[in-house]
Amino acid sequence: MAAVIASPAGALILAGIAYDIARLITPDEPRRPPPARLRGRRTALEEAERRLVGLRLHHRVGAATYQRRMSRLARGQRRTITGPANAAGGRHG
């Protein structure tokens, strides 16, 4: 009777050890981000969109810039592709 109980318990312990080893070996980030991170990203994109609409309504950005930025937001990019180093004016120094 003890062997009947010990066998599944031992199998569960070995499965747990194998799972822990696999988690240590694989990268920290899973292929799909957790839902909380997706909600945070979606919220950030919506906030960036609201901010951009406000800039456009107050005539702080032109139509072409507005369209380009909205297109980037639609693709899920909040930042510029070129980055601040390649912005107008370049780097000084």
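As shown above, the structure is provided for reference.
Computed from a predicted structure; not experimentally measured.

About the cut-offs
Numbering of residues starts from 1 in each chain and follows the order in which that chain's sequence is written. A pLDDT threshold of at least 70 governs which residues receive local features in this predicted model, and a stricter bar of 80 or more applies before side-chain atom pairs are shown or counted, although totals over entire chains, interfaces and linings include all residues. The side-chain values count all of the structure's non-hydrogen atoms but skip hydrogen atoms and water molecules. Counting from the N terminus, the helices are DSSP H or I runs at least four residues long and the strands are E runs at least two residues long. Only protein chains enter the calculation, and the probe is 1.4 Å; a residue is then buried if its accessible area is under 20% of its type maximum, exposed if over 50%, and partly exposed in between. Shrake-Rupley sampling with a 1.4 Å probe provides the accessible areas, and residues are treated as covered by the protein chains on show and by no other component. The salt bridge definition used is simple: a Lys or Arg side-chain nitrogen within 4 Å of an Asp or Glu carboxyl oxygen. Note that patches include only residues with greater than 30% relative accessible area and no salt bridge, and the join distances are 9 Å for like charges and 5 Å for nonpolar side chains (Val, Leu, Ile, Met, Phe, Trp, Tyr). The way it works is a 1 Å grid over only the protein atoms, where trapped points that fit a 1.4 Å probe form a cavity and open points with protein on both sides within 12 Å along at least five of seven lines form a pocket, and then any residue with an atom within 4 Å of a point lines it. Grid points are joined across faces, edges and corners, and a volume is the space filled by probe spheres set on the points. By nonpolar core is meant a set of buried Ala, Val, Leu, Ile, Met, Phe, Trp, Tyr and Cys residues that side-chain atoms within 4.5 Å join together. Whether two residues touch is decided by their heavy atoms; if any such pair falls within 4.5 Å, the residues are in contact.

Engineer: Lay out the overall build of the protein chain with the relevant residues and their values.
Structural biologist: Scanning the protein chain for helices and strands turns up three helices and zero strands. Ordered by position from N to C terminus, the α and β elements of the protein chain give α-α-α. When each of the 93 residues of the protein chain is scored for burial, the buried share is 10%. For the protein chain, the accessible area works out to roughly 8300 Å², and carbon and sulfur atoms hold 59% of it.

Engineer: I'd like to hear about the pattern of salt bridges, residue by residue, with values.
Structural biologist: This model, assessed by the stated rule, comprises one salt bridge. Measuring nitrogen to oxygen at the nearest pair gives 3.2 Å for the salt bridge that ties R50 to E47. Separated by three residues within a single helix, R50 and E47 lie in helix 2 (residues 35-57), roughly one turn from each other.

Engineer: So, a nonpolar patch on the surface: which residues are in play, and what are the values?
Structural biologist: The grouping of I13, L14, I17, I21, L24 and I25 at the surface amounts to a nonpolar patch, some 680 Å² of accessible area in total. Along the chain, I13 falls in helix 1 (residues 2-25). With relative accessibility at 56%, the residue I13 sits in the exposed group.

Engineer: Hey, could you go over the layout of surface pockets for me, with residue numbers and the actual values?
Structural biologist: In this structure, the largest pocket spans a volume of roughly 270 Å³. Contributing to the lining of the largest pocket are 10 residues, with R51, L52, R69, R72 and R78 lying nearest its centre. Among the secondary structure elements, those contributing two or more residues to the lining of the largest pocket are helix 2 and helix 3 (63-74).

Engineer: A description of the nonpolar core should follow, citing residues and the corresponding values.
Structural biologist: L45, L52, L55, V61, M70 and L73 form the largest nonpolar core, which has six residues in total. At the level of elements, helix 2 and helix 3 are the ones that each hand at least two residues to this core. Considering each element in turn, this core owes the most residues, three residues, to helix 2. Ignoring any residue separated from it by four or fewer positions in sequence, one finds L45 in contact with L73, G76, Q77 and R78.

Geometric values such as these leave the question of function open.
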